[in-house]
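Below, each chain spelled out in residue letters.
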2 protein chains.
Amino acid sequence: MQVSAGQVGDMTAESAPVRPLRADQARRVADILRHQIHSGAFDAGIPGEQQLATEYSASRNTVREALALLRDEGLIDRVPKVGTRVATRKYDHGLDALLGLQETLKGHGTVRNEVRAAMHIAAPPAVARRLGLEPGERVVYLERLRYAAELPLSLDLTYLAPDIGTEVLGHDLENTDIFVLLEQISGQSLGSADLALEAVPADPHTATTLDVPGGAPLLMLERLTRLEDGRPVDLEYIRMRGDRITMRGSLTRSAPEWKVL
Amino acid sequence: MQVSAGQVGDMTAESAPVRPLRADQARRVADILRHQIHSGAFDAGIPGEQQLATEYSASRNTVREALALLRDEGLIDRVPKVGTRVATRKYDHGLDALLGLQETLKGHGTVRNEVRAAMHIAAPPAVARRLGLEPGERVVYLERLRYAAELPLSLDLTYLAPDIGTEVLGHDLENTDIFVLLEQISGQSLGSADLALEAVPADPHTATTLDVPGGAPLLMLERLTRLEDGRPVDLEYIRMRGDRITMRGSLTRSAPEWKVL
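Residues numbered from 1 in each chain as written. Chains lettered and ligands numbered in written order. Predicted model: local features only at pLDDT ≥ 70, side-chain atom pairs only at ≥ 80, totals over all residues. Heavy atoms only, no water.

The name given to chain A in an unreviewed UniProt entry is GntR family transcriptional regulator, with Nocardia bovistercoris as the source organism.

Written out as structure tokens, the structure reads:
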């Protein structure tokens, strides 16, 4: 159906007459387009500006500005004579299915790890505390730059409990998820993990390593993983390229509190 | 205990002799310090460079560089004659307890909403589809700039199903969480929600609105919330300041899959 642009500004009796700026409207359009890009709705091409303007009850200028926002995020690009198309679709990483990266991206190309460090170090006090060790006790430290489809995806800093970590060092770290090795070596399933997620700017050196501009937004995941018996064995600091990963999950409410499924 | 810097470079027989650059070491130190800042370990002040150098088996130059990284993220600042101190502690937002912002931050100061838009609009097709409506059907659109401790925290764009949304418009949107209103108006509990989390750069207009530099990292949450009976009623696009929010949660593995607690 045709929707006139005038409807966008309609007000209810209760609300103050706020007239959205074009930049506000462009943001609104961009957010919905972003979802459609991620869900694959535009894999065959992005509709023309006029069609989008009609669908969003927006002016062509607003649509153009929304597309510019998404271009600045690296999600779409403009190809002369072809039009606007999806540049990259992000990988989905499950929030409610904590899997190794390789398992997560199964079917979406190969994960390759460039191992930048694999060694014993003395645990700094804060690391020791979280892994239930004495300060200064030796832990295994890994640093891996992870590639998907031959582009850097994340930089992972990993501290492992000494017994399991020492065995991990003997395995093929270039092609194996740590989670798989932890279960294999310990003979236990993993039990639980505490997560913290933040958006942080890429410092210059990290930016170079991940091949993004300095200050680019990174999705930073700090994760402490325990074995089934409750022992914490794996503390990771994972910097994911903001333009390549979306974390997804579902929550359900079991009154009076929300629980994640 | 004293730990000599030499131990950091120790190699196991199995691993290639990788000598970390100072920038890599600074990142490692910064990550652990970041956790301590968030957990409040440094609220009384950050230890001196020499003490940190000892704890992290790093040089003072490395520690200085790590502190510079955290300063660039806005987490700490340097006060002449006082030393380095925590500038802002981030708010924790529960991933496994999906609450309204106000409920989440209870005890950490007041949440105030600046209502920038509150009106009926014609649902763009992609929004209509997710809310189970016909394209062009009218929905209620809200735009709120949310403040905590008198600083902008997030910019929330909200699409509500028309029946409930119209009633929402009659309530005090400046001081009430939408979740609370949804339950009150529908007479149902909320049922479940689908989440997607990304790190995105702030476009210039959003940056001005949230009072951050252009391109600053934002934690972007897209969330579709359903009532207990399964009907989707609330589609939100929430841009949170990366320097003010951490999302936290726990996962547990119920073999053969991971489930979030």
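Draft legend 1. Local environment of the overall build of chain A. Across its full length, chain A holds eight helices and 11 strands. Here chain A, with 261 residues, has 60% of them falling under the buried criterion. Carbon and sulfur atoms form 50% of the exposed surface of chain A, whose accessible area is close to 10,100 Å². (Helix = DSSP H or I, 4+ residues; strand = E, 2+ residues; numbered from the N terminus. Buried < 20%, exposed > 50% of the residue type's maximum accessible area, 1.4 Å probe, protein only. Areas by Shrake-Rupley, 256 points an atom, 1.4 Å probe, with all protein chains shown as cover.)

Draft legend 2. Highlighting helix α7 (residues 178-186) of chain B. All names here are of chain B. For α7, the complete set of buried residues consists of Ile178, Phe179, Leu181, Leu182 and Ile185. Considered in projection along α7, the buried side chains sweep an arc of 160° and stay on one side of the axis. On its buried face, α7 sits against β5 (138-148), β6 (151-160), α6 (162-168), β7 (190-201), β8 (217-227) and β9 (232-241). Downstream of α7 by a residue or two, glycine 187 has a phi angle that is positive, lying close to 70°. (Arc of directions from axis to C-beta. Contact = heavy atoms within 4.5 Å.)

Draft legend 3. Quick peek at the layout of surface pockets. Size it by volume and the largest pocket reaches roughly 250 Å³. Taken together, 19 residues line the largest pocket, and the ones lying closest to its centre are A:Pro201, B:Glu73, B:Ala216, B:Pro217 and B:Asp243. Every element with two or more residues in the lining of the largest pocket is listed here: β7 (190-201) of chain A together with β8 of chain B. The biggest single contributor to the lining of the largest pocket is β7(A), with three residues. Tallied by class, residues from the lining of the largest pocket come to nine nonpolar, four polar and six charged. The calculated volume of the second largest pocket comes to roughly 220 Å³. Lining the second largest pocket are 18 residues, with A:Glu73, A:Pro213, A:Ala216, A:Pro217 and A:Asp243 sitting closest to its centre. Breaking the lining of the second largest pocket down by element, the ones donating at least two residues are β8 (217-227) of chain A together with β7 of chain B. Residue composition of the lining of the second largest pocket, by class: eight nonpolar, four polar and six charged. (1 Å grid on protein atoms, 1.4 Å probe; cavity = no way out; pocket = protein on both sides within 12 Å on 5 of 7 lines; lining within 4 Å. Points joined across faces, edges and corners; volume = space filled by probe spheres on them. Nonpolar A, V, L, I, M, F, W, Y, C, P; charged D, E, K, R; others polar.)

Draft legend 4. Here's a closer look at the domain arrangement of chain A. With domains assigned, chain A is organised as domain 1 (17-86) and domain 2 (91-248). If you average the C-alpha positions of domain 1 of chain A and of domain 2 of chain A, the two centres end up 35 Å apart. (Domains from an automatic or database assignment.)

Draft legend 5. Representation of the packing of aromatic side chains. Inspection of every chain in the model, using the stated rule, returns four aromatic pairs over all chains. Here the aromatic rings of A:Tyr141 and A:Tyr159 are separated by 5.1 Å at their centres, their planes lie at 50°, and the arrangement is tilted. Placement of A:Tyr141 in strand β5 (residues 138-148) and of A:Tyr159 in strand β6 (residues 151-160) is noted, with a sequence separation of 18 residues between them. Each of the two residues, A:Tyr141 as well as A:Tyr159, counts as buried. Ring geometry for A:Tyr159 against A:Tyr237: centres 6.2 Å apart, planes inclined by 90°, an arrangement best described as edge-to-face. Of this pair, A:Tyr159 sits in strand β6 while A:Tyr237 sits in strand β9 (residues 232-241), placing them 78 residues apart in sequence. Grouping aromatic residues by their ring pairs yields a cluster made of A:Tyr141, A:Tyr159 and A:Tyr237. Against the face of B:Tyr141 rests A:Arg28, its NZ or CZ located 4.5 Å from the ring centre. Lying across the ring of B:Tyr147, B:Arg112 places its NZ or CZ 4.4 Å from the centre. (Phe/Tyr/Trp six-rings, centres within 6.5 Å; stacked < 30°, edge-to-face > 60°. Lys NZ or Arg CZ within 6 Å of the ring centre and 35° of its normal.)

Draft legend 6. Quick look at helix α3 (residues 60-72) of chain B. Residue and element names in this part refer to chain B. Counted at 1.5 Å a residue, the expected span for α3 with its 13 residues is 18 Å, and the 18 Å between its end C-alpha atoms agrees. For α3, every residue scored as buried is listed here: Thr62, Val63, Ala66, Leu67, Leu69 and Leu70. Viewed along the axis of α3, the buried residues span an arc of 150°, placing them on a single side of the element. Here the buried face of α3 lies against α1 (22-39), α2 (49-55) and β1 (76-79). Just downstream of α3, glycine 74 is the residue with a positive phi angle, here 85°. (Expected span 1.5 Å × (residues − 1).)

Draft legend 7. Structural context of unusual backbone geometry. Unusually for a residue other than glycine, A:Glu150 sits at a positive phi of about 65°. Tracing the sequence through the fold places A:Glu150 in the loop between β5 and β6. If you check the backbone angles, B:Ser57 has positive phi at about 50° while not being a glycine. Structurally, the position occupied by B:Ser57 is in the loop between α2 and α3. Its relative accessible area of 5% is what places B:Ser57 among the buried residues.

Draft legend 8. View of the packing of helix α1 (residues 22-39) of chain A against helix α3 (residues 60-72) of chain A. Residue and element names in this part refer to chain A. In contact at an axis separation of 8 Å, α1 and α3 are set at 55° when each is read in the N-to-C sense. Comparing their axes, α3 and α1 come out oblique. You can see that α1 and α3 cross each other, and the crossing is right-handed. Contacts from Arg22, Ala23, Gln25, Ala26, Arg27, Val29, Ala30, Leu33, Arg34 and Ile37 of α1 reach α3 at Asn61, Thr62, Glu65, Ala66, Leu67, Leu69 and Leu70. Classifying every residue of the contact of α1 with α3 gives 10 nonpolar, three polar and four charged. (Axes fitted to C-alpha atoms, helices over the stretch in contact; angles between N-to-C directions. Parallel < 35°, antiparallel > 145°, perpendicular 65-115°, else oblique. Left-handed = near helix turned anticlockwise from the far one by under 90°.)

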